[in-house]
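Residue strings, one per chain:
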Amino acid sequence: MTSIQEHFKQLMEQHQCKDLPIERDPLLVTESMHPAEAFKFLAENGIRACPVASEAGNEIVGTLDLRDSCGYIVETFLTNNPKGTTALSKMPSFGKSRGYIKATATDLKEISRVRPFHVFQPDVSLLVIAQALATGSHIIGISGGPDEKAGLSRVVTQGMLLKFVAPALSNTPTPVKAAMTTPVTSIRVTDPVLKGFDLMASKHVSSLAAVDENGMIIHNMSTSDVRIFFGTSELEAVTDLNMPLEDFLAKKRASGAKHKTMAPISVCKEDDDLSSVVTKLVKTGYHRVWVVREKKPVGVLSLTDVFKKLAPSGDKDKIAQSCRTTSEDRGENGESGGEME
């Protein structure tokens, strides 16, 4: 029987970037935007990352990613509340030197350069795109677009590519445990929100399993929850990070009930079929599924995990040869960084 990796490789090599449907025009921010406004732009538009264009708009200087907002939020809150935070001692980084984006930071270009943006030609194989997305990059760009979009014809996300390939993976049985990330980083729902943002920033993860006193998962905290802090047109900003995580997330659930958005968590078991869970990710639009054993989280299957399983051992030299990156623009060899989802 053909393995799921072999099946995926054969399928991806049959298609090129230009075969992917265009779901929306590329969304960009410019390097002159203030970091807080730029992160709020991501939250408002419901996207995890976007390219950052130069002030002239003719080139991409880097990637803005919600993962980087977690440390920025921690620093902003501590700057605004130097003595008035009861959550300080519960922070994982308490008493340590933090390398987070400072609350006083104004240079979005410098912030975005940490995550180079990869731009591929329309005729590049989708296998190369999948391998690039398996490194931890949430997005890549396709060239051939207008100057006002810095030459981008589209921005491809992990979710878009997975949606394209998911229907073809149904006959390749593989258990979820073969692809999941373990151990899980968790937080008590009674812990202060500040601890959650600090955990995601210090552990370089995009999500936390929010558990009760018995260790059973009941909620999910992720980088998408920064929209609660920054606020959106549908959600008033909540900046008190001393409050319990459960109360903080309740703000999102209330908004979700009003606008009929998604439920807070999705779970599966270790021996569930990977292709079935991938189908669930595509249908729900979730970025991850928590893997549970007796309702306790033992792993997490993220979009990055899926691509790492489907397109393993990506040749970084081949990927680099197939694209133009912002690291080349500045003469450095930056990488996206294979951070956990």
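See above for the structure.
Residues numbered from 1 in each chain as written. Predicted model: local features only at pLDDT ≥ 70, side-chain atom pairs only at ≥ 80, totals over all residues. Heavy atoms only, no water.

Digging into the nonpolar core
Right, so step 1: If you look at the biggest cluster of nonpolar residues, it comprises 47 residues, and the most contacted ones within it are Leu64, Phe197, Phe230, Leu241 and Phe248.
Right, so step 2: Setting aside chain neighbours within four positions, we find Phe248 in contact with Val193, Phe197, Asp225, Ile228, Phe229, Val238, Leu241 and Met243. (Core = buried A, V, L, I, M, F, W, Y, C linked by side-chain atoms within 4.5 Å. Buried < 20%, exposed > 50% of the residue type's maximum accessible area, 1.4 Å probe, protein only. Contact = heavy atoms within 4.5 Å.)

Comments concerning the sheet that holds strand β10 (residues 267–268)
Strands pair in a sheet through their backbones, by hydrogen bonds, and they do so in one of two ways: parallel or antiparallel.
Right, so step 1: With respect to topology, three strands assemble into an open sheet ordered β10-β11-β12, the strand pairing being mixed. Each edge of the open sheet carries a strand with a single partner, namely β10 and β12 (296–302).
Right, so step 2: In terms of strand pairing, strand β11 (residues 288–293) meets β12 through six bridges, oriented antiparallel. Across the sheet, the residue bridging to Trp290 is Val300, located in β12.
Right, so step 3: The strands that helix α10 (residues 274–284) touches are β10, β11 and β12; relative to β11, the one it contacts most, it runs at about 135 degrees. (Pairing = 2+ DSSP bridges. Helix = DSSP H or I, 4+ residues; strand = E, 2+ residues; numbered from the N terminus. Axes fitted to C-alpha atoms, helices over the stretch in contact; angles between N-to-C directions.)

Notes on the packing of aromatic side chains
Right, so step 1: A complete count under the given rule lists four aromatic pairs for this structure.
Right, so step 2: An angle of 85 degrees between the planes, with centres 5.3 Å apart, marks the rings of Phe229 and Phe230 as edge-to-face. Each member of the pair, Phe229 as well as Phe230, carries the same accessibility label: buried.
Right, so step 3: Through successive ring pairs, a cluster of aromatic residues spans Phe39, Tyr72, Phe229 and Phe230. (Phe/Tyr/Trp six-rings, centres within 6.5 Å; stacked < 30°, edge-to-face > 60°.)

A closer look at the pattern of salt bridges
Right, so step 1: Taken as a whole and assessed by the stated rule, the structure comprises seven salt bridges.
Right, so step 2: For the salt bridge of Arg115 with Asp68, the shortest nitrogen-to-oxygen distance reads 2.9 Å. With a gap of 47 residues between them, Arg115 in the loop between α4 (108–112) and β4 (118–120) and Asp68 in the loop between β3 (60–65) and α3 (69–80) connect regions that are remote in the sequence.
Right, so step 3: Overall, the relative accessible area of 7% leaves Arg115 in the buried class.
Right, so step 4: With a relative accessible area of 17%, Asp68 lands in the buried category.
Right, so step 5: The residue Arg113 makes a salt bridge to Glu110 at a minimum N-O spacing of 3.7 Å. (Salt bridge = Lys/Arg side-chain N within 4 Å of Asp/Glu carboxyl O.)

A closer look at empty space enclosed by the protein
Right, so step 1: Applying the stated criterion across every chain, the model contains three cavities of 30 Å³ or more.
Right, so step 2: Considering only enclosed or pocket space, the largest cavity measures out at about 80 Å³ in volume.
Right, so step 3: Residue lining of the largest cavity: 12 residues in total, with Thr63, Arg115, Pro116, Ser137 and His138 positioned closest to the centre.
Right, so step 4: Residue composition of the lining of the largest cavity, grouped by class: four nonpolar, five polar and three charged. (1 Å grid on protein atoms, 1.4 Å probe; cavity = no way out; pocket = protein on both sides within 12 Å on 5 of 7 lines; lining within 4 Å. Points joined across faces, edges and corners; volume = space filled by probe spheres on them. Nonpolar A, V, L, I, M, F, W, Y, C, P; charged D, E, K, R; others polar.)

Geometric descriptors of this kind do not, in isolation, establish any biological role.
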